[in-house]
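The chain contents come next:
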Amino acid sequence: MALITFMSDFGTVDHYVAAVKAAIVSESPTQPITDITHNIRPFDISHAANVLRNVYKDFPAKTVHVVAVDSMREKSNAIAIELDDHLFVGFDSGIFSLISSKKPNKIAFLENGKSTFPAKDVLAKTALMLANGKSLSDVGQIAEEITELYARQLKVTKREIAGNVVSVDHYGNLITNINKEEFEKILEINGSGVRYAIRFGREQFQELHTFFSDVESGDCFVLFNSSNQLQIGINKGNASELLGLSVDSPVLIEFANG
């Protein structure tokens, strides 16, 4: 049987996470389940998509990912999709359009019924069926399209990369949609001797750091993280609070020769 992962905005104070897991293991006690996180900010599809996008490929192919975020959204159908040789079970809120630039290989709409707890009654049951080899056509009605949302796009020219904060993590670090590949491409276009300035809020930096510890406690760092996204933080501090920046705040890299 395939691995099941579980991510939600349920938190860990109440019984909701345990109830969903119980629905799975009561049917199949040996089913492997691993948590991604249950501390997604309530109803925050953007936060959930950023977390999922950065981790799902680290799991083995055929893993089934249960995504219970904003699960009571009005008129949001339960769905299952196949993408990048992984399976996802969640809600058609637009979240799955934000985790990859690729279209799903297959889509199935699930029967929601009248459940007030669809993560337990619908998603858990479907995930277990898929983990045990059932196809998408076995669990729902095959469809052609899912709801699509559009993430903020970079503005890229020879002289600047204009992006935004797309997520704030547990430590208050600001994760942007500026990626290392795009940055290095513009550096190469400008050639040797090009200087750059990274601007956000009232701050300006003219160099990138390699590690958080490159700066003293309380000082700001700017680096490309393990997912190759530009990240802004404060060593042992909360950058979002101290810099007054949050999701959608602009971040600019300007390039100048000479």
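Structure: see above.
Residues numbered from 1 in each chain as written. Predicted model: local features only at pLDDT ≥ 70, side-chain atom pairs only at ≥ 80, totals over all residues. Heavy atoms only, no water.

Draft legend 1. Expanded view of the packing of helix α1 (residues 16-25) against helix α3 (residues 118-131). At their nearest, the axes of α1 and α3 sit 9 Å apart, and the two run at 40° to each other. Classified by the interaxial angle, the pair formed by α1 and α3 is oblique. When the axes of α1 and α3 are compared, the crossing they make is right-handed. Across the interface between the two elements, A19, V20, A23 and I24 from α1 touch A119, K120, A124 and L128 from α3. (Axes fitted to C-alpha atoms, helices over the stretch in contact; angles between N-to-C directions. Helix = DSSP H or I, 4+ residues; strand = E, 2+ residues; numbered from the N terminus. Parallel < 35°, antiparallel > 145°, perpendicular 65-115°, else oblique. Left-handed = near helix turned anticlockwise from the far one by under 90°. Contact = heavy atoms within 4.5 Å.)

Draft legend 2. Focus on helix α2 (residues 45-55). Here α2 has its buried residues at I45, H47, A48, A49, N50 and L52. A distance of 3.2 Å separates the backbone nitrogen of S46 from a side-chain oxygen at the start of α2, and that oxygen is part of D44. (Buried < 20%, exposed > 50% of the residue type's maximum accessible area, 1.4 Å probe, protein only. Polar contact = N/O pair within 3.5 Å; in protein donor to acceptor, adjacent residues only side chain to side chain.)

Draft legend 3. How the structure looks around the nonpolar core. F10, V64, L123 and L130 are the most contacted members of the largest nonpolar core, which has 29 residues in total. Of all the secondary-structure elements, those providing two or more residues to this core are β1 (4-8), α1, β3 (64-68), β4 (78-83), β5 (86-91), α3 and α4 (136-139). Of the residues forming this core, the biggest block, eight residues, is contributed by α3. Those residues in contact with V64 that sit more than four places away from it in its chain are L3, I4, T5, L87, V89, A127, L130 and A131. Of all hydrophobic cores here, the second largest spans 23 residues; its members include I198, V222, I232 and F255. (Core = buried A, V, L, I, M, F, W, Y, C linked by side-chain atoms within 4.5 Å.)

Draft legend 4. Region of interest: the sheet that holds β1. Ordered in space as β2-β1-β3-β5-β4-β6-β7, the seven strands form an open sheet in which the pairing is mixed. Edge positions in the open sheet fall to β2 (33-37) and β7 (141-143), since each of these has one partner strand only. With direction set aside, neighbouring strand axes in the sheet form an average angle of 25°. Sheet topology places β4 next to β5; six bridges connect them, and they run antiparallel. Looking at the pairing, E82 lines up with L87 of β5. Of the strands in this sheet, β1, β2, β3 and β5 touch α2, which is tilted by about 130° from β2. (Pairing = 2+ DSSP bridges.)

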